[in-house]
Amino acid sequence: MRETMSYDIVDASLTRRGFIAVGTGALAALTLASCVTPIRYMTPGTAAVGATEIARGGTGRITSVDLIASTTQVDLAGRTANTWSYGPVPATTIRVTAGDTLRAAVRNDLPTDTSVHWHGLALRNDMDGVPGITQASIGKGEVFTYEFVAATPGTYWFHPHVGPQVDRGLYGALIIEDPHEPLRYDTEWVVVLDDWLDGVSATPDEVLEELSGGMGGMMGSGGMSGNMMMDARSDLLGGDAGDVSYPYFLINGRPPADPDVFLGTPGDRVRIRIINAGSDTAFRVALGGHRLTVTHTDGFPVNPVETDAVLLGMGERYDVIVTLGDGVFPFVAQAEGKQDRAFALVRTSAGSTAPSSVTSIPELSGPVLTAAALTADESVALVTRSVDRELTATLSGSMMAYDWAINGRRFDPSNPLAGALGVAQKERVRLRIDNISRMWHPFHLHGHTYQHAGGGPRKDTSIILPGTSLTVEFDADNPGLWAAHCHNIYHAEAGMMTVLGYEAS
């Protein structure tokens, strides 16, 4: 079993190989010779990381799970696709109670390295699952055990953080139950949305290689490739809606021709936990014949808002309450700007089945809720205090060159701390995210939940439209090194990623 990497303090110019080497040796403070003193950061092995985990307390109860990442086949309504997964697609939902410890033993039976990132959790830094930043990758045939206190209730999910592996079948829901749940409902349905091409039209690695050449390179080579999408347009997303052409859109691993079915009773109050596990697709989600009451986003409660439909960028989660009617109803996740959809059924009585050929329902043409319409419930709103530090993350790049970057710098795995955003522990941080590109980006910060300005929602993943800015605040209360990136996996892999690092004292 590979042990958790133990780092001490490194500077922002240390190479990835040197960074990992520090983890296997004695504790040290490293500073490269330079005429300018480099910023030095706390890393996963520092005492502050362990002390922060101890301060979380917890119940002492342990939930143990085994995850085996391996090659497999999935049935897409009669079409067999070769892919990678943790068993079924999505993986079996993991459930723990807030305060319990999750112990997840991950065995890698894949032909390459992998990891698991616990998306949205403010967990201990050395369990965040980002190779080269928080741990060494899990090699072929190896086992790595993630163990951490699952402190905050909510809807989360897990997936790899190695290359574009999340665009295979390697994902699943993580539900942290609130032992004092204030929300009243009779039952719940976990809905995982996905865009799918693996084993059908290409592998994610092939798509990344193709996109990395940029639109300009493809034009110069005499044509456009079938995996790059050029006509995905959405006013809701500010223009260009996505880069990749997908043959399937799935709900809980099933295409419209073989839909997932939720069975309920008329009058039931159902909590639907919706997770966008897609890699390049935003979804506009609605349930035919029903209104949705949004109660949570990214795991945190909001002041409830009723709507016809909700928009989810990649990595976002929304919880909604629905009071079920009597009949059979289409649950539709429109692939925003891509003229296709994922489809499921909600059945509360015998009757004719809603056809899988449903391409639209009236609710999809009504008001569409985004995070801008939400405010944090007072129980989770940040306490008002002065801001200690202001940071800016400027998102740039284009389809022409596929040169996605943050603050003018494309992430370099061989030098992961170059251009890192530095903070000090216990600071209140104001982060301004500027999107100067012509495409929307779902921005995700690891290890923290921020609050949108003006009393907005608590989130960890937010849609930033082209030519717009979003200002958020968070408390630097979880020391270590944390990835911050676009959750369009192809943008992140092309360079739209950086590191938030806590400065050493």
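Procedures and definitions
- Residues numbered from 1 in each chain as written.
- Predicted model: local features only at pLDDT ≥ 70, side-chain atom pairs only at ≥ 80, totals over all residues.
- Heavy atoms only, no water.
- Pairing = 2+ DSSP bridges.
- Helix = DSSP H or I, 4+ residues; strand = E, 2+ residues; numbered from the N terminus.
- Phe/Tyr/Trp six-rings, centres within 6.5 Å; stacked < 30°, edge-to-face > 60°.
- Buried < 20%, exposed > 50% of the residue type's maximum accessible area, 1.4 Å probe, protein only.
- Lys NZ or Arg CZ within 6 Å of the ring centre and 35° of its normal.
- Arc of directions from axis to C-beta.
- Contact = heavy atoms within 4.5 Å.

Student: Hey, could you run me through the sheet that holds strand S25 (residues 389–396) in this one?
Tutor: Within a sheet, each strand pairs with its neighbour through backbone hydrogen bonds, oriented either parallel or antiparallel. Pairing is mixed in the open sheet, where six strands are placed in the order S26-S25-S28-S33-S30-S31. The open sheet is flanked by strand S26 (405–406) and strand S31 (458–459), the only strands paired with a single partner.

Student: Teacher, can you tell me more about the packing of aromatic side chains here?
Tutor: Within a pair of aromatic rings, the relevant descriptors are the distance that separates the centres and the angle that separates the planes. Scanning the entire structure with this criterion turns up ten aromatic pairs. Their ring planes at 40° and their centres at 5.4 Å tell us that Trp-118 and Phe-158 sit as a pair that is tilted. Placement of the pair is Trp-118 in strand S7 (residues 117–119) and Phe-158 in strand S9 (residues 154–159), with a sequence separation of 40 residues. Pair check on accessibility: Trp-118 and Phe-158 agree, each one buried. Ring plane angle 55° and centroid distance 6.2 Å describe the contact between Tyr-246 and Phe-249, whose orientation is recorded as tilted. The buried category is assigned to Phe-249, whose relative accessible area is 3%. Connected via pairs of aromatic rings, a cluster forms that spans Tyr-86, Trp-118, Phe-144, Tyr-146, Phe-148 and Phe-158. Between Arg-168 and the ring centre of Trp-84, over which it is positioned, the NZ or CZ distance is 3.8 Å.

Student: Looking at this model, I keep getting lost on helix H3 (residues 204–212). Mind explaining?
Tutor: Side chains that are three or four residues apart share a direction in an α-helix, a result of its 3.6 residues per turn. Every buried residue belonging to H3 is among Pro-204, Val-207, Leu-208, Glu-210 and Leu-211, and all of these are buried. Along H3, the residues classed as buried sweep out an arc of 165° about the axis, all on the same side. Positioned one or two residues after H3, Gly-214 has a phi angle of 80°, which is positive.

Student: Even after reading the chapter, I still don't get unusual backbone geometry, so can you show me in this structure?
Tutor: Across the chain, the bulk of peptide bonds are trans and the bulk of non-glycine residues have phi less than zero. A cis geometry characterises the amide bond from Val-89 onward to Pro-90, with omega recorded as -10°. Within the fold, Pro-90 resides in the loop between strand S4 (79–85) and strand S5 (91–97). Look at Ala-77: it is not a glycine, yet its phi comes out positive at around 55°. With respect to the helices and strands, Ala-77 occurs in the loop between strand S3 (62–76) and S4. You can call Ala-77 partly exposed: its relative accessible area is 39%. Unlike most non-glycine residues, Lys-426 shows phi in positive territory, near 80°. Along the chain, Lys-426 turns up in the loop between strand S27 (421–423) and strand S28 (428–435). Taking the relative accessible area as the measure of exposure, Lys-426 reaches 67% and is therefore exposed.

Student: I would appreciate a short explanation of helix H2 (residues 47–55) in the present structure.
Tutor: All of the buried residues in H2 are Val-49, Gly-50, Thr-52 and Glu-53. Projected onto a plane normal to the axis of H2, the buried residues spread over an arc of 160° and lie on a single side. Set apart from the buried face of H2 by more than 90 degrees, the exposed residues are Ala-47, Ile-54 and Ala-55. For H2, the elements touching its buried residues are strand S8 (143–149). Positive backbone phi, at 70°, marks Gly-57, one or two positions downstream of H2.

Student: Please clarify how the pairing of S9 should be interpreted in this entry.
Tutor: Within S9, six of the six residues are buried, leaving the element largely enclosed by the surrounding structure. Covered by surrounding structure in S9 are Gly-154, Tyr-156 and Phe-158 together with Thr-155, Trp-157 and His-159, the residues of both alternating faces. Pairing analysis gives three bridges linking S7 to S9, with the strands arranged antiparallel. Across the sheet, residue His-117 finds its bridge partner in S9, namely His-159. Pairing of S9 with strand S10 (residues 172–177) involves five bridges; the strand directions are antiparallel.

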